[in-house]
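Residue-level structure breakdown
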Amino acid sequence: MLDLVIATKNAGKLKEFREMLSDIPLNIISLQDFPGIEVEENGDTFEENAVLKAKRVVELTGIASLGDDSGLEVAALGGRPGVHTARFAGPRASDLENINKLLNELKGVPPEKRQARFVCCLCLVLSDGRIFVEYGYLEGYIILEPRGTMGFGYDPVFFVPELGKTLAEATLEEKNAVSHRARATEKIRKHLLQYARS
Ligand SMILES: O=c1nc[nH]c2c1ncn2[C@H]1C[C@H](O)[C@@H](COP(=O)(O)OP(=O)(O)OP(=O)(O)O)O1
Ligand SMILES: [Mg+2]
């Protein structure tokens, strides 16, 4: 069975990928298995960063890699925090600090004007250098107070109308049925199947 390195340090993303890709015969590893690898996420777009992550890992390991760069675009903030979502409240910000910064910036904005979307850009780089890029999106609203304990990142404040709950109130299966990451993964699936068979 071939290895696939998910080019992430985020345990929440990794858990979602493991579940979504469980039917593909690949041995899924991550940067937890390569603690020395640091990727500077200095791109101006999700795509640049997803490509940076996967290319760097292939360069350093020689193993095929899937990079995920994702984030939140909030309409009332003109699309911010966007590519800066992970460091919204500062370079080493925790999920809680980021959520608090977001809720503060949206203070006074009424519920119907709190539309947001999650964006996920995935980049698959094979060891022969071939590159595939796909996007997925999830529309929702930023609620006034965090709700739920599952998931990671901004999940407790992201309400999904099609689920009738926040992403942190959704099970892994429910989140994976609709999420930006799941939708991008569906589009990249055929390339992963082909790689697994190669
Ligand atoms: O499904 C999600 N549910 C909640 N929050 C999410 C989700 N997807 C992305 N996000 C947030 C987390 C982080 O604040 C930023 C991604 O930043 P991003 O650089 O892509 O990921 P990361 O730094 O956590 O891990 P890594 O770069 O090692 O893959 O957007
Ligand atoms: Mg990151």
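Here the structure is a predicted model, which is why all the values come from computation and not from measurement.

1. Looking at the UniProt feature "active site" (unreviewed entry) in the protein chain
The feature "active site" (unreviewed entry), as given by UniProt, occupies Asp 69 in the numbering adopted here. Checked against the element boundaries, Asp 69 lands in strand β3 (residues 65-74). Not counting residues up to four positions away in its chain, the partners in contact with Asp 69 are Phe 46, Asn 49, Ala 50, Lys 53 and Cys 121.

2. Overview of the nonpolar core
Of all hydrophobic cores here, the largest spans 40 residues; its most connected members are Ala 7, Ala 54, Leu 66, Cys 121, Leu 122, Cys 123 and Phe 158. Secondary-structure elements contributing two or more residues to this core are β1 (2-6), α2 (46-61), β3, α3 (95-105), β4 (115-125), β5 (131-142) and β6 (158-160). Looking at which element gives the most residues to this core, the answer is β4, with nine residues. Sequence-distant contacts of Leu 66, that is, excluding residues within four places in its chain, are made with Leu 4, Ile 6, Ala 7, Ala 54, Leu 122 and Leu 124.

3. Considerations on the pairing of β5
Here β4 runs beside β5; their pairing, made up of eleven bridges, is antiparallel. Residue Leu 124 lies in a different strand from β5, and its bridge partner there is Phe 132. Counted between consecutive antiparallel strands, the loop separating β4 from β5 contains five residues, among which Gly 129 sits at a positive phi close to 95°. Two strands pair when backbone bridges link them, and β5 and β6 are joined in this way by two bridges, in the antiparallel orientation.

Thresholds, definitions, all that
Residues numbered from 1 in each chain as written. Chains lettered and ligands numbered in written order. Predicted model: local features only at pLDDT ≥ 70, side-chain atom pairs only at ≥ 80, totals over all residues. UniProt positions renumbered as here; feature names shortened; annotations may be inferred. Helix = DSSP H or I, 4+ residues; strand = E, 2+ residues; numbered from the N terminus. Contact = placed C-beta atoms within 7 Å. Core = buried A, V, L, I, M, F, W, Y, C linked by C-beta atoms within 7 Å. Buried ≥ 20, exposed ≤ 12 C-beta atoms within 10 Å, placed from the backbone. Pairing = 2+ DSSP bridges.

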